Structure formats: structure tokens, C-alpha cells
Amino acid sequence: MKRRPIIGISSSVIVDEAGSFAGYKRAYVNKDYVDAVIRAGGVPLIIPFSTDKEVIISQAQLIDGLILSGGHDINPYNYGQEPSQKIGETFPERDTYEMILLEESKKRNIPILGICRGFQLINVAAGGTLYQDLSLIPGNILKHNQVSNPTLKTHKVEIKENSVISSIFGKETMVNSFHHQVIDKVANDFIVVAKASDGVVEAIEHKTYKFLVAVQWHPEMLAVNCEKARELFSKFVEEAKK
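Here the structure is a predicted model, which means the values were calculated and not measured. (Residues numbered from 1 in each chain as written. Predicted model: local features only at pLDDT ≥ 70, side-chain atom pairs only at ≥ 80, totals over all residues. Heavy atoms only, no water.)

### Some points on the side chain of S69
Note on placement: S69 falls in the loop between β5 (65–68) and α3 (92–107). Of the residues examined, S69 reaches a relative accessible area of 1% and is grouped as buried. One polar contact links S69 to R94, side chain to side chain, over a distance of 3.0 Å. For S69, the contacting residues outside a window of four places in its chain are I9, S10, S11, V29, Y33, R94, E98, I115, R117 and G118. (Helix = DSSP H or I, 4+ residues; strand = E, 2+ residues; numbered from the N terminus. Buried < 20%, exposed > 50% of the residue type's maximum accessible area, 1.4 Å probe, protein only. Polar contact = N/O pair within 3.5 Å; in protein donor to acceptor, adjacent residues only side chain to side chain. Contact = heavy atoms within 4.5 Å.)

Here is the structure:
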């Protein structure tokens, strides 16, 4: 039987707030990522967070594709800024861990998919910048954090033709939204392939890399009942088979 591709999913650390193990640290990732990969025909492998560079490099050698998952705000020092009053919780060590995973995965030319925080980290790692909060953007900005109901689609995005995203979603689609930071300067190696009606960047793709796609929304949550979201993971897993 042909081996199914192993899809690495970057993880974080969560601290139990109550119960028998209050204060105890756990490695975790939301289960929707795992389910979306399995549904697409891949074998999910949660990559435990580490500060050991040699360990992270070895982790990257085990996988056929990489998903950079959602979570904390990116440390603004990574893109040359001081923290604003409205920045959320950061996890600088996780930034380093994921940037090493990203760098090592690119060396191996395996497909990479960034989601929410992962979308932002990919841009920052390549020299782009972020708005630390939506309130810092001039103009009439949409609500980009729907707070609850992960499978609810709350706003529209318009998609550029001849992109990976357009090959799946067409010229426009509705998405869910759980973020307060957004891309400001787009890294030189990337093109914008989707925007919300307020101008917020919703998806980017690398200009030359075979499959390096990142989205601001959460397709892993939508994949529970959205065929197009499932197609994104299927295309990603297919690339990992090559």
C-alpha cells in the first residue's frame, strides 16, 4: 500500500487554569487541523514546540508537508516595531520555532500552508510587516473577529485569478474570521491573492515556490461542512504526495 503523506502541524503550549493539574503545561493544537488532514488523505503529525534548534531541524526532516497553525500574536520585534497598546499575548519562542520549521521545510521544497497566525508569520519571516491591531488601519474596517461559532462564514473575500486559491474557491468566497492583526507590508516574494472588501489582505502565495499558500481565515474549522475548504486541504495533501 502506498504511504500516505505525513503532514506536520505546528503546535503551541497551553497552561491548565484549574483542576488537578492547574499551572501544568501541555503541548497542543486544535483538533480541527488533525481532522482536516485526515479527511484529505494525509497523516497528521503534531510537531511539539521546542527551543532546541537541532530538534526542530530534525522534526522538519520527518514531514512531507507543513501547516503553520493559528495562535498568539507575532512578536513585533520580528518586523522592526515596538509593541502597541492593543497587541495581544505574544510567544517569542514559538515565533523562532516556527520560523525554523518554515526555513527547513523550504529547503526541502515541501508544500507549506499557513493559517491565521501562520499566514502572518510566513509574511513576517520573508520581510513583511503587520498592523498590530485592526484599529490602527485608517478607514471603515469590517469586524474580523466573530468571537464564536467557528463554522459560520461572516464576510466575503475577493480572489485574484490564476492563483491556487482561485482554482479552489473561484472569484470570491465567504470566510470565517478570528483575528485582530493583519498584514501591512506584503513581503517581496509574495503576491496578494485575496482581500476583504475593506482592503484587508486575506490570502498570499509565493511567487515561485511550488506550493506556499497562506490564508487569514480558518479553513480547518470550515472543513467540517464546507466542500471548498476541504478541497484546499486535499490539494495541499496531493502536493505532499509528489
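### Examining the sheet that holds strand β11 (residues 190–196)
Ordered by their spatial adjacency, nine strands build an open sheet running β4-β1-β5-β6-β13-β12-β11-β8-β9, and the pairing between neighbours is mixed. A strand with exactly one partner marks an edge of an open sheet, and here the two such strands are β4 (43–47) and β9 (172–175). Strand-to-strand twist of the sheet, defined as the mean angle between neighbouring strand axes without regard to direction, takes the value 20°. As paired strands, strand β1 (residues 6–10) and β5 are joined by three bridges and run parallel to one another. Residue I9 lies in a different strand from β5, and its bridge partner there is I67. Against the sheet, helix α4 (residues 117–125) engages β5, β6 (112–115), β11, β12 (201–206) and β13 (212–215), with an angle of about 115° to β6. (Pairing = 2+ DSSP bridges. Axes fitted to C-alpha atoms, helices over the stretch in contact; angles between N-to-C directions.)

### Here's the deal with the packing of helix α2 (residues 53–60) against α3
Where α2 contacts α3, the axes come no closer than 9 Å and their chain directions differ by 45°. Accordingly, the angle class assigned to the pair α2 and α3 is oblique. Read as a crossing pair, α2 and α3 show a hand that is right-handed. Residues K53, I56, I57, Q59 and A60 of α2 pack against Y97, I100, L101 and E104 of α3. Here the contact of α2 with α3 is composed, by residue class, of six nonpolar, one polar and two charged. (Parallel < 35°, antiparallel > 145°, perpendicular 65-115°, else oblique. Left-handed = near helix turned anticlockwise from the far one by under 90°. Nonpolar A, V, L, I, M, F, W, Y, C, P; charged D, E, K, R; others polar.)

Any link to function would need more than the numbers given here.
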